[in-house]
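Analysis of the macromolecular model
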Amino acid sequence: QKEVEQDPGPLSVPEGAIVSLNCTYSNSAFQYFMWYRQYSRKGPELLMYTYSSGNKEDGRFTAQVDKSSKYISLFIRDSQPSDSATYLCAMNKGGGYNKLIFGAGTRLAVHP
Amino acid sequence: DGGITQSPKYLFRKEGQNVTLSCEQNLNHDAMYWYRQDPGQGLRLIYYSQIVNDFQKGDIAEGYSVSREKKESFPLTVTSAQKNPTAFYLCASSRGLPNEKLFFGSGTQLSVL
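Residues numbered from 1 in each chain as written. Chains lettered and ligands numbered in written order. Predicted model: local features only at pLDDT ≥ 70, side-chain atom pairs only at ≥ 80, totals over all residues. Heavy atoms only, no water.

Below, the discussion takes up the overall build of chain A. Of the regular secondary structure elements, chain A holds zero helices and eleven strands. Counted from the first residue to the last, chain A has its helices and strands arranged as β-β-β-β-β-β-β-β-β-β-β. Computed over its C-alpha atoms, the radius of gyration of chain A comes to 14 Å, within 12% of the 13 Å expected for a compact globule of 112 residues. Each of the three principal axes of chain A carries a C-alpha extent, and together these read 45 × 30 × 25 Å. Across the 112 residues in chain A, those meeting the buried criterion constitute 46%. When the accessible surface of chain A is summed, it comes to about 5200 Å², and 48% of that surface belongs to carbon and sulfur atoms. Of the side-chain charges in chain A, 12 are positive and 10 negative, and the distance between the mean point of each set is 8 Å. (Helix = DSSP H or I, 4+ residues; strand = E, 2+ residues; numbered from the N terminus. Rg over C-alpha atoms; globule rule 2.2 N^0.38 Å. Buried < 20%, exposed > 50% of the residue type's maximum accessible area, 1.4 Å probe, protein only. Areas by Shrake-Rupley, 256 points an atom, 1.4 Å probe, with all protein chains shown as cover. Lys, Arg positive; Asp, Glu negative; His and termini not counted. Charge placed at Lys NZ, Arg CZ, Asp CG, Glu CD.)

Here the focus is the packing of aromatic side chains. How two aromatic rings sit relative to each other is given by the distance of their centres and the angle of their planes. On inspection of all chains with the given rule, the structure shows twelve aromatic pairs over all chains. Ring geometry for Tyr35(B) versus Phe104(B): centroids 5.9 Å apart, planes at 50°, classification tilted. Pair noted here: Tyr35(B) is in strand S4 (residues 31-37) and Phe104(B) is in strand S10 (residues 103-104), with a separation of 69 residues, a long-range link. Residue class for Tyr35(B) comes out buried when judged on its relative accessible area of 0%. Among the aromatic residues, those joined into a ring-pair cluster are Tyr36(A), Phe102(A), Tyr33(B), Tyr35(B) and Phe104(B). Here Arg41(A) stacks its cationic end above the ring of Phe88(B), 4.6 Å away from the centre of that ring. When the ring centre of Phe74(B) is taken as origin, the NZ or CZ atom of Arg68(B), which lies over that ring, is 6.0 Å away. (Phe/Tyr/Trp six-rings, centres within 6.5 Å; stacked < 30°, edge-to-face > 60°. Lys NZ or Arg CZ within 6 Å of the ring centre and 35° of its normal.)

Another aspect to go through is the state of the cysteines. Residues and elements named next belong to chain A. Taken as a whole, this structure holds two disulfides over all chains when the rule is applied. The partner cysteine of Cys 23 in its disulfide is Cys 89, sulfur to sulfur 2.0 Å. One quick way to see it: the torsion about the S-S bond of Cys 23 and Cys 89 is about -100°, and its sign makes the bridge left-handed. Taken together, the residues span a long stretch of sequence, with Cys 23 in strand S3 (residues 19-25) and Cys 89 in strand S9 (residues 85-92) at a distance of 66 residues. Of the two residues examined, Cys 23 and Cys 89, each falls in the buried class. (Disulfide = S-S within 2.5 Å.)

Right, here's the structure in full:
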């Protein structure tokens, strides 16, 4: 079983829709949770960074962590065609060196 | 502009050949990383370096080698021992503190001829 599970999609939505992207994980030691956005053939860029349970909002993006369920989500409001990309969740245990465990990524397509 | 530069963007390897991927950063970051990305899979750590002249194996180091002679540079060599080298390779860096965010380069696509 993978430590981090993420549905690869693809997920296709109309412009303006609310998008929900999710990851589940098995290791309760994970404490730091990140979402990266990756355009085709480019390097990932950090979108959201959260610690422990709760919500964090940044513009149209909201990251949610539920440690009791080992489940994290990224919500995108008013989705735009420019949001079309692969979204990768990543997490680490904290302490020591910075070893991130990545999900496989969910491919999102927002059509006009 | 501060950032991470990977070159070349595309690289082709012949059977039995070693190839070297370049990664340079001007962010003054102490830590640097190499990841491999295959279609439908998450990023997997090949090697990482937390300081100059020191590096550690990641989860899939077999068939790869690295050096860290300068803070700015962390080249990756894909050796002939790596039997399935076709993948997208990503270099990243961070300040080296625990739980730090990673900043990625734009990647190198390596293919076998």
